[in-house]
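So you can see what is in the structure, the chains are spelled out below.
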Amino acid sequence: MSATATRLRRLAASTAALAAVAGGGVILFSSLSANERGGGPALEALRRRINDPTAIVPSRAVQESALVGASSANPLDILVIGGGATGCGVALDAAARGLRVGLVERDDFASGTSSRSTKLIHGGVRYLEKAVFNLDYGQLKLVFHALEERKQVIDNAPHLCHALPCMTPCFDWFEVIYYWVGLKMYDLVAGSQLLHFSRYYSEKESIELFPTLARKGKDRSLKGTVVYYDGQMNDSRLNVGLACTAALAGAAILNHAEVVCLLKDEVSEQIIGARIRDNLSGKEFDTYAKVVVNAAGPFCDSVRTMADKDAQPMICPSSGVHIVLPDYYSPEGMGLIVPKTKDGRVVFMLPWLGRTVAGTTDSNTMITSLPEPHEDEIQFILDAISDYLNVKVRRTDVLSAWSGIRPLAVDPKAKNTESISRDHVVCEEHPGLVTITGGKWTTYRSMAEDAVDAAIKSGKLTPGGRCSTRNLRLIGADGWELSSFTALAQQYVRMKKSYNGNIVPGVMDTAVAKHLSHAYGTLAERVAMIAQNENMGKRLAHGYPFLEAEVAYCARHEYCESAVDFIARRCRLAFLDTDAAGRALPQVVEILAAEHKWDKSRTKQEMQKAKEFLETFKSSKNAQFHDGKHQ
């Protein structure tokens with residue numbers, strides 16, 4: 001208790017100073033004019049192109065042809081390696097500035113870290129705590145910046161992002177005061193970017209809001225909770241939205257295309273492009289660019305060693321494991337976050353897409369393309385959340401479990417390893433190769449802006465304008481409203497093939513309509529039309545709103561090239577329920593085979609690859625249900 005009291009005194013002593021700094025922060029992050037933000041006629045033309053209801057992204061073949069056509073005599077301005085949040089953000093930013101851009105991703109968009117996040121868009125409550133207690137203005141600037149970016153991410157893709165109240169339980173009165181003051185400071189720092197005000201709830205009110213929250217624990221009893229707000233997202237769909245928006249803006253993006261080696265000028269040794277292999281066809285080709293941007297996330301060191309085999313590693317990989325539990329573990333619309341457990345870790349449970357995601361771990365790991373959670377990590381999370389719940393926590397309730405690799409970065413110019421940070425690093429160690437790594441989902445847009453600025457400087461490029469992504473809504477966002485799902489429910493039906501071959505109409509129920517509206521924004525009607533006009537309105541798995549029509553739509557308009565692309569990144573079934581994903585696989589593969597004209601060998605291969613992928617989510621040990629046919 002004395003330690004907590006000391007922290008409270010230090011917190012109180014810092015409040016006035018923080019308020020003064022916050023005032024300075026408002027000046028630092030003041031609103032920019034349209035010209036400063038890269039606005040004007042060019043931006044309006046780009047918005048019209050992205051928001052055109054008839055706009056269709058170029059086909060994969062067209063995109064590959066554009067990359068093949070980038071010769072040494074007519075190179076791209078920028079070639080981006082990596083199709084995660086940062087890489088797609090770089091492609092969109094550069095294309096929006098009028099530059100010729102290409103992007104290659106060896107697997108799928110968001111196939112790595114960007115689909116395996118905590119699903120939060122946050123400013124960093126813990127960073128604020130460190131800033132206050134260490135009087136670290138650098139940490140405070142990170143929080144200011146992240147809170148500003150948090151609001152922009154939500155505003156630019158409101159169908160995929162929303163504000164989420166997060167409850168912090170307090171088991172003594174010192175904790176009540178400490179968290180209340182700390183989170184009020186979080187509100188203060190957010191300033192005009194505030195989502196909602198934080199507030200205290202009594203024990204009784206807290207239990208009403210979060211019924212499974214434990215009133216009593218080991219030698220402690222609940223005194224109340226403090227609720228604050230951060231953002232939540234559907235991460236991989238946001239990433240795919242970035243990729244498709246970049247494509248509409250003019251970027252030539254290609255997934256399942258791997259960089260085999262970098263191309264160098266024979267005299268100057270400058271990087272001038274890359275040798276690329278299309279992993280679907282096996283075809284290899286050279287693409288030339290004035291600057292190459294390395295945005296390969298945890299794998300950025302492997303790209304750096306292509307330029308310089310003696311390059312020192314700059315990635316310190318950290319593993320973050322998450323599990324998914326049934327919806328009754330957390331109420332809809334309220335998360336639970338414990339900033340510091342008895343062993344000093346963060347524990348959270350968040351409602352997400354009708355289920356509960358819980359985590360997380362933070363441990364050293366090896367870099368691999370398909371990281372797997374260990375059973376002891378899953379058990380650690382179960383044990384940690386059980387301390388705060390009045391419901392029995394069981395391994396048999398785990399629906400899915402996954403591991404993601406956080407690319408914590410070390411600036412290669414730094415003199416010691418203390419520079420390891422969750423902030424991002426932009427550097428050019430080899431002429432023509434700009435590396436961007438580190439950071440977090442929340443700040444992907446500003447990371448991309450920094451990388452493009454560095455690329456322009458490196459290649460002496462002449463963009464048509466300044467960065468314009470701050471207020472550039474993604475595909476499907478413009479004109480979207482929370483009530484948009486009602487039009488789908490009223491105007492469309494789900495035509496389904498019955499088991500005896502007949503075509504029968506089905507209701508476009510609220511659950512499906514809301515899902516389509518949130519997943520595809522204003523483009524949801526395109527999916528609904530396929531469900532109605534092509535008899536593809538059946539659900540892929542019982543208890544989930546995903547439709548057969550989505551598979552066809554994603555194959556045609558979202559560069560969905562494999563079964564795993566769909567079950568993991570276009571819809572989130574693999575992350576939500578591995579058993580349901582496994583049961584949906586045959587129909588997913590059948591539709592993709594028809595869309596892409598696969599032969600029997602490729603179809604069989606897709607089934608096998610998808611089953612192996614699901615096993616990395618511990619599918620054989622997760623909850624399994626056998627509850628009949630789905631509609």
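Note that the structure is predicted; figures quoted are calculated from it, not measured.

Procedures and definitions
Residues numbered from 1 in each chain as written. Predicted model: local features only at pLDDT ≥ 70, side-chain atom pairs only at ≥ 80, totals over all residues. Heavy atoms only, no water. UniProt positions renumbered as here; feature names shortened; annotations may be inferred. Helix = DSSP H or I, 4+ residues; strand = E, 2+ residues; numbered from the N terminus. Expected span 1.5 Å × (residues − 1). Buried < 20%, exposed > 50% of the residue type's maximum accessible area, 1.4 Å probe, protein only. Contact = heavy atoms within 4.5 Å. Axes fitted to C-alpha atoms, helices over the stretch in contact; angles between N-to-C directions. Parallel < 35°, antiparallel > 145°, perpendicular 65-115°, else oblique. Left-handed = near helix turned anticlockwise from the far one by under 90°. Nonpolar A, V, L, I, M, F, W, Y, C, P; charged D, E, K, R; others polar. Salt bridge = Lys/Arg side-chain N within 4 Å of Asp/Glu carboxyl O. Arc of directions from axis to C-beta. Polar contact = N/O pair within 3.5 Å; in protein donor to acceptor, adjacent residues only side chain to side chain. 1 Å grid on protein atoms, 1.4 Å probe; cavity = no way out; pocket = protein on both sides within 12 Å on 5 of 7 lines; lining within 4 Å. Points joined across faces, edges and corners; volume = space filled by probe spheres on them. Core = buried A, V, L, I, M, F, W, Y, C linked by side-chain atoms within 4.5 Å.

1. Things to note about the UniProt feature "domain: Alpha-glycerophosphate oxidase C-terminal" (unreviewed entry) in the protein chain
Under the present numbering, the feature "domain: Alpha-glycerophosphate oxidase C-terminal" (unreviewed entry) in UniProt falls on residues 467-602. Annotated as 53% helix and 7% strand, the span residues 467-602 places its first and last C-alpha atoms 42 Å apart.

2. Some thoughts on helix α9 (residues 235-248)
In this model α9 runs 20 Å from its N-terminal to its C-terminal C-alpha over 14 residues, within 8% of the 20 Å that 1.5 Å per residue would give. With 14 of 14 residues buried, α9 lies mostly within the body of the structure. The positive-phi residue at the C-terminal boundary of α9 is G250, with phi of around 115°.

3. Re the side chain of K618
Along the polypeptide, K618 turns up in the segment after α20 (600-615). Not counting the four nearest positions on each side in its chain, K618 is found in contact with E372, P373, E375, I378, R395 and A401.

4. Considering the packing of helix α19 (residues 578-596) against α20
Closest axis-to-axis distance for the α19/α20 pair is 10 Å, and the angle between their directions is 160°. By the criterion of interaxial angle, the relationship of α19 to α20 is roughly antiparallel. As for how α19 packs across α20, the hand of that crossing is right-handed. Between α19 and α20, the residues in contact are T578, A581, G582, L585, P586, V589 and A593 and T603, E606, M607, A610, K611 and L614, respectively. For the contact of α19 with α20, a count of residues per class yields eight nonpolar, three polar and two charged.

5. As for the pattern of salt bridges
The final tally for this structure, using the stated rule, is 40 salt bridges. The residue D230 makes a salt bridge to R150 at a minimum N-O spacing of 2.6 Å. With D230 in strand β8 (residues 224-233) and R150 in helix α6 (residues 137-156), this pair connects stretches of sequence that are 80 residues apart. Each member of the pair D230 and R150 is classed as buried. In this structure, D362 engages R406 in a salt bridge whose closest nitrogen and oxygen atoms are separated by 3.5 Å. You can see D362 sitting in the loop between β16 (355-359) and β17 (363-364) and its partner R406 sitting in strand β18 (residues 400-409), a full 44 residues away along the chain. Among the residues examined, D362 registers a relative accessible area of 43% and is labelled partly exposed. Classification of R406 by relative accessible area gives buried; the value is 18%.

6. Points about α20
Across its 16 residues, α20 extends 23 Å between first and last C-alpha, which sits within 8% of the 22 Å expected from 1.5 Å per residue. Buried residues of α20: R602, E606, M607, A610, F613 and L614, and no others. Axial view of α20: buried residues confined to an arc of 140°, hence all on one face. Seen from the buried face of α20, the exposed residues on the opposite side, beyond 90 degrees, are K600, S601 and K604. Lining the buried residues of α20 we find α17 (563-570), α18 (573-576) and α19. Capping the start of α20 is the job of one residue whose side-chain oxygen sits 3.3 Å from the backbone nitrogen of S601: D599.

7. So, the layout of surface pockets
Taken as a whole, the second largest pocket holds about 1,300 Å³ of empty space. For the lining of the second largest pocket, the element with the highest residue contribution is helix α14 (residues 510-520), accounting for six residues. Split into classes, the residues belonging to the lining of the second largest pocket amount to 20 nonpolar, eleven polar and ten charged.

8. With respect to the packing of helix α4 (residues 85-96) against α9
Where α4 meets α9, the axes come as close as 9 Å, and the angle between the chain directions of the two elements is 25°. Regarding the angle of α4 to α9, the classification is roughly parallel. Judged by the twist between their axes, the crossing of α4 over α9 is left-handed. Residues A85, C88, A91, L92 and A95 of α4 lie in contact with α9, whose contacting residues are N239, L242, A243, T245 and A246. Of the residues assigned to the contact of α4 with α9, the class counts are eight nonpolar, two polar and no charged.

9. Some thoughts on unusual backbone geometry
Cis geometry is found at the peptide bond from G359 to T360, where omega equals 0°. Its identity as a non-glycine residue notwithstanding, H256 has a phi of 55°, on the positive side. Here H256 is to be found in the loop between β9 (252-255) and β10 (257-264).

10. A few points about the nonpolar core
In this structure, C161, L238, L516, Y520, F566, L573 and V588 are the most contacted members of the largest nonpolar core, which totals 143 residues. Per-element accounting of this core gives the leading share, nine residues, to α19. Residues contacting C161, with those up to four places away along its chain left out, are I121, V153, I154, Q232, M233 and L238. The next biggest cluster of nonpolar side chains, apart from the first, holds 29 residues, and it includes I207, V227, Y388 and L389.

11. Here we look at empty space enclosed by the protein
Applying the stated rule across the entire model yields two cavities of 30 Å³ or more. For the largest cavity, the calculated volume is near 180 Å³. In terms of lining, the largest cavity is formed by 19 residues, of which the most central are C244, I475, L523, Y553 and E558. Among the elements that take part in the lining of the largest cavity, α9 stands out by supplying five residues, more than any other. By residue class, the composition of the lining of the largest cavity is 13 nonpolar, three polar and three charged. There is about 70 Å³ of room inside the second largest cavity. As for the second largest cavity, its lining consists of G89, L92, D93, N156, L242, Y444, R445, A448, T469, L472 and L474. Split into classes, the residues belonging to the lining of the second largest cavity amount to six nonpolar, three polar and two charged.

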